[in-house]
Amino acid sequence: MPTWTSPPQLAALAAFYARAQAHPETITDAVFLDNVKNAHWPTNCWSYVEASFAIIAHACVLRPHLSAGLIAFPIDAMIAGGLEDAGQVIAIGLDCATRDAPYVEVSEEGRRWLTQVWPGLGEVVGTVFRARLQAALADEEE
């Protein structure tokens, strides 16, 4: 379980994850996704990517069926940061899981997810990346 004590939104998210793990039936997927989304904060793109992986990795452990939607958070930031190659996304997530001095600490469960499950999601990552890149490019055209 994450042991974040700051910033306040991560401390609240750690408590929420504990409730979601202890009583998953009391929390709808919509409420779950809202809590994960609201834990993110404005920062530069690449720090956001690292923080987002720490935030969503544990969420993906608790609700694996939501992974495709959850991985859109760091992917959107990667695209905003200029990434155009979906083939780099898995490596970036792995790097976030193994940093010596991370921007946001990844929970042990999240680290296991990032190192064991994440590398096998290449097809899902590619699909999400292409969709999010197309959406970002369409937004630029408007």
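For the structure, see preceding data.
Since this is a predicted model, take the numbers as computed values, not measurements.

Visitor: Sorry if this is basic, but what is going on with the overall build of the protein chain here?
Guide: A count of helices and strands for the protein chain gives 8 helices and 0 strands. Helices (α) and strands (β) of the protein chain occur, in sequence order from the N terminus, as α-α-α-α-α-α-α-α. Its C-alpha atoms give the protein chain a radius of gyration of 14 Å, near enough to 14 Å, the size a compact globule of 142 residues would have. Considering only C-alpha atoms, the protein chain reaches an extent of 45 × 35 × 30 Å along its principal axes. In the protein chain, which comprises 142 residues, the share counted as buried stands at 43%. Contacts in the protein chain between residues at least 24 apart in sequence constitute 67% of all its contacts with a sequence separation of at least 6. Surface accessibility of the protein chain: about 7,400 Å² in total, with carbon and sulfur atoms responsible for 54%. Computed over 8 positive and 17 negative side-chain charges, the inter-centroid distance for the protein chain is 7 Å.

Visitor: What should I look at first to understand unusual backbone geometry in this one?
Guide: Negative phi characterises most residues that are not glycine, and trans characterises most peptide bonds. In this structure, the amide linkage connecting Ser6 to the following residue, Pro7, adopts the cis form with an omega of -10°. Along the chain, Pro7 turns up in the segment before helix 1 (8-22).

Thresholds applied
Residues numbered from 1 in each chain as written. Predicted model: local features only at pLDDT ≥ 70, side-chain atom pairs only at ≥ 80, totals over all residues. Heavy atoms only, no water. Helix = DSSP H or I, 4+ residues; strand = E, 2+ residues; numbered from the N terminus. Rg over C-alpha atoms; globule rule 2.2 N^0.38 Å. Buried < 20%, exposed > 50% of the residue type's maximum accessible area, 1.4 Å probe, protein only. Contact = heavy atoms within 4.5 Å. Areas by Shrake-Rupley, 256 points an atom, 1.4 Å probe, with all protein chains shown as cover. Lys, Arg positive; Asp, Glu negative; His and termini not counted. Charge placed at Lys NZ, Arg CZ, Asp CG, Glu CD.

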